[in-house]
Amino acid sequence: SAVISQKPSRDICQRGTSLTIQCQVDSQVTMMFWYRQQPGQSLTLIATANQGSEATYESGFVIDKFPISRPNLTFSTLTVSNMSPEDSSIYLCSSSSGGLYNEQFFGPGTRLTVL
Amino acid sequence: AQSVTQLGSHVSVSEGALVLLRCNYSSSVPPYLFWYVQYPNQGLQLLLKYTSAATLVKGINGFEAEFKKSETSFHLTKPSAHMSDAAEYFCAVNQAGTALIFGKGTTLSVSS
């Protein structure tokens, strides 16, 4: 299984600012994903981070608000731009080695509070 | 489109009692199904997965789940609950090459 780390683990930010979250995997992986978990809610997929190409965003999420980078097979970043209190959530990075079963492993999450 | 429905947002059991968390799926093709657990202030941990090799799947911490195609279900069970099982449990579905789609989650409380 892959071990995933995220930085920062938590942050408190002011409205209108941006925060970049880093995700590091301890092995090369085919697919990386970013999810949002709003307070008391389930996980919602934001986008799939593709190595060497633009991320694929889910309905309701746009690149201007959540730009994503994937420079190599072990690293990705998610930026939450022009933040508002509604962006207060836990942001989780996930990876999959692909293959037949497409099992996903998750990082510990970044707990973001926007004031 | 795929989806999962978790019946019951909150389940309470006594220590030593049977745990049953319900999950029904919708998928136009044979799905891969997963159960994850999330302890307070932690990330998600994989409990078990169904990948069509066997309908009864055994996972970690004494949990198991049975895939029933006729009922489109993948319920999670544990014969005897322990206080440490108190957590949030998520059922999820995907197909090869796609991201997981999660249910709304079920909070399991265990009382002594």
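Residues numbered from 1 in each chain as written. Chains lettered and ligands numbered in written order. Predicted model: local features only at pLDDT ≥ 70, side-chain atom pairs only at ≥ 80, totals over all residues. Heavy atoms only, no water.

Asks: Help me out: how do you make sense of unusual backbone geometry in this one?
Replies: Peptide bonds are mostly trans, and most non-glycine residues show a negative phi. Residue and element names in this part refer to chain A. At the junction of Lys7 and Pro8, the peptide bond is cis and its omega measures out at -10 degrees in the coordinates. By the secondary structure assignment, Pro8 is in the loop between strand E1 (4-7) and strand E2 (10-13). In this model, Asn82 sits at a positive phi of 45 degrees, which is unusual for a non-glycine residue. Locating Asn82 in the fold gives a position in the loop between strand E8 (75-80) and strand E9 (89-96). Relative accessible area serves as the criterion here: at 55%, Asn82 is assigned to the exposed category. (Helix = DSSP H or I, 4+ residues; strand = E, 2+ residues; numbered from the N terminus. Buried < 20%, exposed > 50% of the residue type's maximum accessible area, 1.4 Å probe, protein only.)

Asks: How should the pattern of salt bridges be read in this particular structure?
Replies: Two side chains with opposite charge may pair up if their charged atoms get near one another. This structure, assessed with the given rule, holds 4 salt bridges over all chains. Across the pair Asp87 of chain A and Lys65 of chain A runs a salt bridge, and its minimum N-O distance is 2.7 Å. With a gap of 22 residues between them, Asp87 of chain A in the loop between E8 and E9 and Lys65 of chain A in the loop between strand E6 (56-57) and strand E7 (68-72) connect regions that are remote in the sequence. In this structure, the salt-bridge partner of Glu103 of chain A is Lys49 of chain B, at a minimum N-O distance of 2.3 Å. On the criterion of chain membership, the pair formed by Glu103 of chain A in the loop between E9 and strand E10 (104-106) and Lys49 of chain B in strand E5 (residues 44-50) is interchain, its members lying in two chains. Taking the relative accessible area as the measure of exposure, Lys49 of chain B reaches 30% and is therefore partly exposed. (Salt bridge = Lys/Arg side-chain N within 4 Å of Asp/Glu carboxyl O.)

Asks: Would you mind showing me how to read the interface of chain A and chain B here?
Replies: Where the parts come together, the accessible area they lose is often given as the size of the interface. Each partner contributes residues to the interface: chain A has 18 residues there, and chain B has 22 residues. Taken together, the connections running from chain A to chain B amount to 1 salt bridge. Applying the counting rule to chain A against chain B returns 7 residue pairs in polar contact (both at pLDDT 80 or more). Looking at the side of chain A that touches chain B, the elements with two or more residues in it are strand E4 (31-37), strand E5 (43-49) and E10 of chain A. For the side of chain A that touches chain B, the leading source of residues is E4 of chain A, giving 4 residues. Looking at side-chain class alone, the side of chain A that touches chain B contains 10 nonpolar, 6 polar and 2 charged residues. (Contact = heavy atoms within 4.5 Å. Polar contact = N/O pair within 3.5 Å; in protein donor to acceptor, adjacent residues only side chain to side chain. Nonpolar A, V, L, I, M, F, W, Y, C, P; charged D, E, K, R; others polar.)

Asks: Mind showing me how you'd approach the side chain of Ser81 of chain A here?
Replies: Residues and elements named next belong to chain A. Along the chain, the position of Ser81 falls in the loop between E8 and E9. A relative accessible area of 14% means that Ser81 is categorised as buried. Apart from the residues within four sequence positions on either side, Ser81 is in contact with Thr17, Ser18, Asp64, Lys65 and Pro67.

Asks: Even after reading the chapter, I still don't get the sheet that holds E7 of chain A, so can you show me in this structure?
Replies: Adjacent strands of a sheet form backbone hydrogen bonds with each other and so pair up, either parallel or antiparallel. All names here are of chain A. The sheet built from 4 strands is open, its strands ordered E1-E3-E8-E7 with antiparallel pairing. If you trace the sheet from one side to the other, it starts and ends with E1 and E7, each paired once. Adjacent strand axes in the sheet meet at a mean angle of 15 degrees, parallel and antiparallel pairs treated alike. Sheet topology note: the strand E3 (residues 19-25)/E8 ladder contains 6 bridges and is antiparallel. Bridge assignment links Leu19 to a residue of E8, and that residue is Val80. (Pairing = 2+ DSSP bridges. Axes fitted to C-alpha atoms, helices over the stretch in contact; angles between N-to-C directions.)

These values are about where atoms sit, not about what they do.
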